[in-house]
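Commentary on secondary and tertiary structure
One letter stands for each residue in the lines below.
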Amino acid sequence: MLDENLLIVGLNPSAENILGISERRANGQSLLQLVDDDPEMREILGRVVTTGDHYANELRLAPTEVHNYERIVDCRVSPLSVEGARLLVEITDVTRRTQISRENDLLIQHGAGRQMIRQLAHEIKNPLGGIRGAAQLLERQLDEAELREYTDVVISETDRLASLVDTLLGPGGPPKKEPVNVHELLEYVVRIIQAEENKSLNIRREYDPGLPDISLDRDQIIQALLNLVRNATAALDGQGNLTLRTRAATNYTIGDKRHRVIASIEIEDDGPGIPQDMQASVFYPLVTNKPDGTGLGLPGAQELLSRHGGMIEFESRPGRTIFYVRIPLQQDEMND
């Protein structure tokens, strides 16, 4: 409950948990200060004070000293006139519910994209062999070297398209799993990135030393992580902060399956962020905002994680983009 100056005059236990403060300490403090002066919250509270109307909306609360991650809350504000209070603010943390819904959307998106791209790849690949064979036969019939240059171009471009199609189809076969340390994989990826002349980047590491080895296909997970880290360094354009973070999460749901413990690998950059109009489709094949991009990096990484029962999620706004790689610690035999 807030007074006319938006200062807290009452707080129930649920609000104490969400705001990360006890009622005794919160009494007399500004609610806006406790949510990092969120502009949308400020607008809602001001509107209800002015109009006396009820108002409800979904808000994104930025990370604070108490909560180091962005939260999604349902916020309902009503006028009130009791014990010096003028506003009743009801806040429900729906972050996890929203994440589960988004994970389901990602799974549907990934499945549709994978089916589409494989059908397209097979349709392209079938005639390529015929084109290449015909060009080779034609080349043998040509006596002039100048004319053979044209058939060389046909063969070369056919091979390039075949290579692209192989990329679209992705690596074949089941994962070849063995116990690996995810920090060792991350450091291997960092060495590759640094060799690509991104040495001006400030790379921070926040590793959880308690993470155990996980049974993974080393090459596939390196490729997935490399795709994500390359995207982050490209967004930073050679300067800025790249943070690699690991932690364990308990009782975590991926798709329709709950896992007792998962490993979460976070790749964070402070670049410009993913454009809002692209965020709903970044895991679809051929979606990219890079002039020289193929739009295959993120769908490919998602495919490789799906083979390990995992998933890639993200959140992005200007100055803070995080890709989350979720991997179950206990790998199911069905994924082998």
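Residues numbered from 1 in each chain as written. Predicted model: local features only at pLDDT ≥ 70, side-chain atom pairs only at ≥ 80, totals over all residues. Heavy atoms only, no water.

Another point: the sheet that holds strand S10 (residues 320-328). Pairing within the open sheet is mixed, and its five strands lie in the order S5-S7-S8-S10-S9. Of all the strands in the sheet, just strand S5 (202-206) and strand S9 (311-317) have a single pairing partner and so form its edges. Recorded for the sheet is a direction-independent mean angle of 20° between the axes of neighbouring strands. Sheet topology note: the strand S8 (residues 257-269)/S10 ladder contains eight bridges and is antiparallel. Bridge pairing in S10 places Ala263 opposite Ile327. Each of strand S7 (241-254), S8, S9 and S10 is contacted by helix H8 (residues 218-236), which is oriented at about 30° to S8, the strand it contacts most. Running at roughly 140° to S9, helix H9 (residues 297-306) makes contact with S9 and S10 of the sheet. (Pairing = 2+ DSSP bridges. Helix = DSSP H or I, 4+ residues; strand = E, 2+ residues; numbered from the N terminus. Axes fitted to C-alpha atoms, helices over the stretch in contact; angles between N-to-C directions. Contact = heavy atoms within 4.5 Å.)

What follows is about the sheet that holds strand S2 (residues 71-82). Strand order in the open sheet made by the three strands is S1-S2-S3, with antiparallel pairing throughout. Every interior strand has two partners, whereas the edge strands, strand S1 (55-61) and strand S3 (85-93), have only one. On average, adjacent strands in this sheet sit at an angle of 30° to one another, irrespective of strand direction. For S2 and S3, the ladder comprises eight bridges, and the chain directions are antiparallel. Residue Val77 lies in a different strand from S3, and its bridge partner there is Val89.

Of the pairings in the sheet, the one linking S7 to S8 comprises 12 bridges and is antiparallel in character. Of the residues in S8, the one forming a bridge with Thr246 is Ile265. What sits between the antiparallel neighbours S7 and S8 is a turn of two residues, in which Gly255 has the positive phi angle 65°.

The next subject is the packing of aromatic side chains. On inspection of all chains with the given rule, the structure shows one aromatic pair. Judged by centre distance (5.3 Å) and plane angle (25°), the ring pair of Phe314 and Phe323 falls under stacked. With relative accessibility at 9%, the residue Phe323 sits in the buried group. When the ring centre of Tyr188 is taken as reference, the NZ or CZ atom of Arg218 above it lies at 5.4 Å. (Phe/Tyr/Trp six-rings, centres within 6.5 Å; stacked < 30°, edge-to-face > 60°. Buried < 20%, exposed > 50% of the residue type's maximum accessible area, 1.4 Å probe, protein only. Lys NZ or Arg CZ within 6 Å of the ring centre and 35° of its normal.)

So, about a nonpolar patch on the surface. Residues Met1, Val9 and Val82 make up a contiguous nonpolar surface patch of about 190 Å² in total accessible area. Residue position: Met1 is located in the segment before helix H1 (13-19). Here Met1 falls in the partly exposed class, since its relative accessible area comes to 32%. (Patch = residues over 30% accessible without salt bridge, like charges linked within 9 Å, V, L, I, M, F, W, Y side chains within 5 Å. Areas by Shrake-Rupley, 256 points an atom, 1.4 Å probe, with all protein chains shown as cover. Salt bridge = Lys/Arg side-chain N within 4 Å of Asp/Glu carboxyl O.)

The subject of this paragraph is the environment of Asp152. Along the chain, the position of Asp152 falls in helix H6 (residues 145-169). Here Asp152 falls in the partly exposed class, since its relative accessible area comes to 40%. The sequence separation of Asp152 and Glu139 amounts to 13 residues, and the corresponding C-alpha distance is 8.0 Å.

Moving on: the pattern of salt bridges. Scanning the entire structure with this criterion turns up 12 salt bridges. A salt bridge links Glu43 to Arg47; the nearest nitrogen and oxygen atoms lie 2.6 Å apart. One end of the pair is Glu43 and the other is Arg47, both in helix H4 (residues 39-51) and four residues apart, which spans about a single turn. When its relative accessible area of 46% is taken as the criterion, Glu43 is described as partly exposed. A residue is classified by how much of its surface remains accessible, and Arg47, at 33% relative accessible area, is partly exposed.

Coordinates in, geometry out; function isn't part of it.
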